[in-house]
Amino acid sequence: MAPYRLISVDDHVLERPDVWTSRLSSDRWGERIPHLQAGHDGVETWMVDGQPLDLDGLAPVGALLPDRAQRVTRWSEVPQAAYEPAARLQAMDADGIEASVLYPTVAGIAGETFGRITDGELELACVQAYNDWLIDEWAAASPRFIPQCIVPIWPPEATVSEIRRAVGRGHRGVVFPSVPMELREVPHVNEPDYDPVWSICEELGVPLCLHAGASQAIQVPVPAGFSTARAAAFQSVTRQASSISILVHLLISRILMRHPSLKVVFSESSLSWGAYQVEFADQQFKEDGLMLEGYDLKPSEMFQRQCYFTGWYGRAGIETRDIIGIENIMWGTNFPRSTSTWPHTQDELAEALRGVPEPERDRILFKNAAELYKV
């Protein structure tokens, strides 16, 4: 059987230790620059703005390790495919991946690491260093890498300016924390204050990408007494559920009504819950008469006009494709995180898409992403 054509729309780069130390002024920022710091026991920790970064070990790269639950604690233990473009291309070839849409790791899976910095100048410097590095070292290495920029979360004029600059350099998506007001004191994301941000995405034709798990405040709490490994597994299984409130925010906030050309990607969302939630939103609007309050489309119609869910495993989600919309589903491998389907993605696709007509399969795995990201 020929391999399935796949543009993986949810993969992660691991930033090298010199991404920020080589690009930010040590005279100006000193120890506030993101960097690795070794403890007395040799265990290394990412430091950002003088504070330790809460990561899953030094780097969440479980798919590349013999034991996916293993936590790396030193940079020397990190496999090259996590941070080197050439090694990543080899890993993609081994798994039949044609192109890869990139999200950060140290910068936060939705750029939230720097959103917590209250010094706007340092936040911007860190954001720009990441965005330039991704273009200079990954996008320049191969057109198979699809770069997405991160942004300062406030004020909107700074966000808009960086989106325009980064897209001008070649970024093809905008990664944004879905709950910025939980990072620091900024207006609620549903407020019109952010309209300039949504408008620039419309103007430039790039999607707004919201990654599940970026906000700890809306995650399902880990039960007390769980070991580190069990807590990590619990969080992986429940992470997608955090997208429920984000989807509902979007559907009832009028953002999609005010910005009908805005495209929104729910990354690492999975599919099944989304179909239920979209159907339920339609029913709620009907029951409450909310459609009489200025909505000229049902929630499902707004979703299918503008939004995308991303799958990466299983048959249950794909069975909901008629509800979600064939043109509103994309697929990813979540590489190199422990829940990634790598290196068995082709086998996983054969099982998940069993019985799906070829035109629908091609749209889910390749065509939707190719059109959205202009591949």
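Overview of the structure. Predicted, not measured: the structure shown is a model, and the values here were computed from it.

Cut-off values and rules
- Residues numbered from 1 in each chain as written.
- Predicted model: local features only at pLDDT ≥ 70, side-chain atom pairs only at ≥ 80, totals over all residues.
- Heavy atoms only, no water.
- Helix = DSSP H or I, 4+ residues; strand = E, 2+ residues; numbered from the N terminus.
- Rg over C-alpha atoms; globule rule 2.2 N^0.38 Å.
- Buried < 20%, exposed > 50% of the residue type's maximum accessible area, 1.4 Å probe, protein only.
- Areas by Shrake-Rupley, 256 points an atom, 1.4 Å probe, with all protein chains shown as cover.
- Arc of directions from axis to C-beta.
- Axes fitted to C-alpha atoms, helices over the stretch in contact; angles between N-to-C directions.
- Parallel < 35°, antiparallel > 145°, perpendicular 65-115°, else oblique.
- Left-handed = near helix turned anticlockwise from the far one by under 90°.
- Contact = heavy atoms within 4.5 Å.
- Nonpolar A, V, L, I, M, F, W, Y, C, P; charged D, E, K, R; others polar.
- Pairing = 2+ DSSP bridges.
- Phe/Tyr/Trp six-rings, centres within 6.5 Å; stacked < 30°, edge-to-face > 60°.
- Core = buried A, V, L, I, M, F, W, Y, C linked by side-chain atoms within 4.5 Å.
- Salt bridge = Lys/Arg side-chain N within 4 Å of Asp/Glu carboxyl O.

1. Regarding the overall build of the protein
Moving on, step 1. Helices and strands together make up the secondary structure of the protein, namely 15 helices and 11 strands.
Moving on, step 2. Compactness check: the protein gives a C-alpha radius of gyration of 20 Å against a globular reference of 21 Å for 375 residues, within 12% of the reference.
Moving on, step 3. For the C-alpha atoms alone, the extent of the protein along its principal axes is close to 60 × 50 × 45 Å.
Moving on, step 4. Across the 375 residues that make up the protein, the buried fraction comes to 55%.
Moving on, step 5. Accessible surface, the protein as shown: approximately 15,500 Å² in total, 51% of it carbon and sulfur.

2. So, the environment of Arg71
Moving on, step 1. Along the chain, Arg71 turns up in the loop between β4 (51-52) and α3 (85-95).
Moving on, step 2. Sequence separation of Arg71 and Gly57 is 14 residues, and the distance between their C-alpha atoms is 5.1 Å.

3. As for helix α9 (residues 243-252)
Moving on, step 1. If you check which residues of α9 are buried, you get Ser243, Ile246, Leu247, Leu250 and Leu251. Buried residues of α9 fall within an arc of 130 degrees about the axis and therefore sit on the same side.

4. Describing the packing of helix α6 (residues 156-169) against helix α7 (residues 195-204)
Moving on, step 1. Two elements in contact, α6 and α7, have axes whose closest approach is 9 Å; the angle formed by their N-to-C orientations is 20 degrees. Classified by the angle their axes make, α6 and α7 are roughly parallel. Both α6 and α7 take part in a crossing whose hand is right-handed. On α7, the residues that touch Pro156, Thr159, Val160, Ile163, Arg164 and Val167 of α6 are Pro196, Val197, Ile200, Cys201, Glu203 and Leu204.
Moving on, step 2. Among the residues making up the contact of α6 with α7, the classes are represented as 9 nonpolar, 1 polar and 2 charged.

5. Comments concerning the sheet that holds strand β6 (residues 145-146)
Sheet strands associate in pairs through backbone hydrogen bonding, adopting either a parallel or an antiparallel arrangement.
Moving on, step 1. One open sheet holds the 3 strands; their spatial order is β1-β5-β6, and the pairing between them is parallel. In the strand order of this sheet, the two ends are held by β1 (7-12) and β6, each with one partner.
Moving on, step 2. By the bridge criterion, 4 bridges tie β1 to strand β5 (residues 99-103) in an arrangement that is parallel. Residue pairing across strands places Ile7 opposite Ala99, the latter belonging to β5.

6. Things to note about the packing of aromatic side chains
Moving on, step 1. Counting across every chain of the model gives 16 aromatic pairs.
Moving on, step 2. Summarising the aromatic geometry, the rings of Tyr276 and Phe280 are spaced 5.8 Å apart at their centres and angled 35 degrees between planes, so their arrangement reads as tilted. With Tyr276 and Phe280 both in helix α11 (residues 272-288) and 4 residues apart, this pair spans about one turn of that helix.
Moving on, step 3. Summarising the aromatic geometry, the rings of Phe335 and Trp342 are spaced 5.2 Å apart at their centres and angled 70 degrees between planes, so their arrangement reads as edge-to-face.

7. Focus: the pairing of strand β10 (residues 307-311)
Moving on, step 1. Buried residues dominate β10, accounting for 5 of its 5 residues.
Moving on, step 2. Side chains Cys307, Phe309 and Gly311 of β10 all project onto a buried face; the interleaved residues Tyr308 and Thr310 project onto the opposite face, where all are buried too.
Moving on, step 3. Relative to β10, strand β9 (residues 264-267) runs parallel, the two sharing 3 bridges. Residue pairing across strands places Val264 opposite Cys307, the latter belonging to β10.
Moving on, step 4. Relative to strand β11 (residues 329-331), β10 is paired through 3 bridges, and the arrangement is parallel. Bridged to Phe309 within β11 is Ile329.

8. Details of the nonpolar core
Moving on, step 1. Ranked by size, the top nonpolar core spans 118 residues in total, and within it Trp20, Phe266 and Trp331 carry the most contacts.
Moving on, step 2. Those residues in contact with Phe266 that sit more than four places away from it in its chain are Leu210, Ile246, Leu247, Leu250, Phe303, Cys307, Tyr308, Phe309 and Thr310.

9. Notes on the pattern of salt bridges
Moving on, step 1. Under the defined criterion, the tally for this structure stands at 21 salt bridges.
Moving on, step 2. A salt bridge links Asp132 to Arg169, with the shortest nitrogen-to-oxygen separation between them at 3.1 Å. Residue Asp132 is located in helix α5 (residues 120-139), and its partner Arg169 is located in helix α6; the two are separated by 37 residues in the primary sequence.
Moving on, step 3. The exposure class of Asp132 is buried, given its relative accessible area of 17%.
Moving on, step 4. For Arg169, a relative accessible area of 36% translates into the label partly exposed.
Moving on, step 5. Between Asp136 and Arg169 there is a salt bridge; the shortest N-O distance is 2.8 Å. On the criterion of sequence distance, the pair formed by Asp136 in helix α5 and Arg169 in helix α6 is long-range, its members being 33 residues apart.

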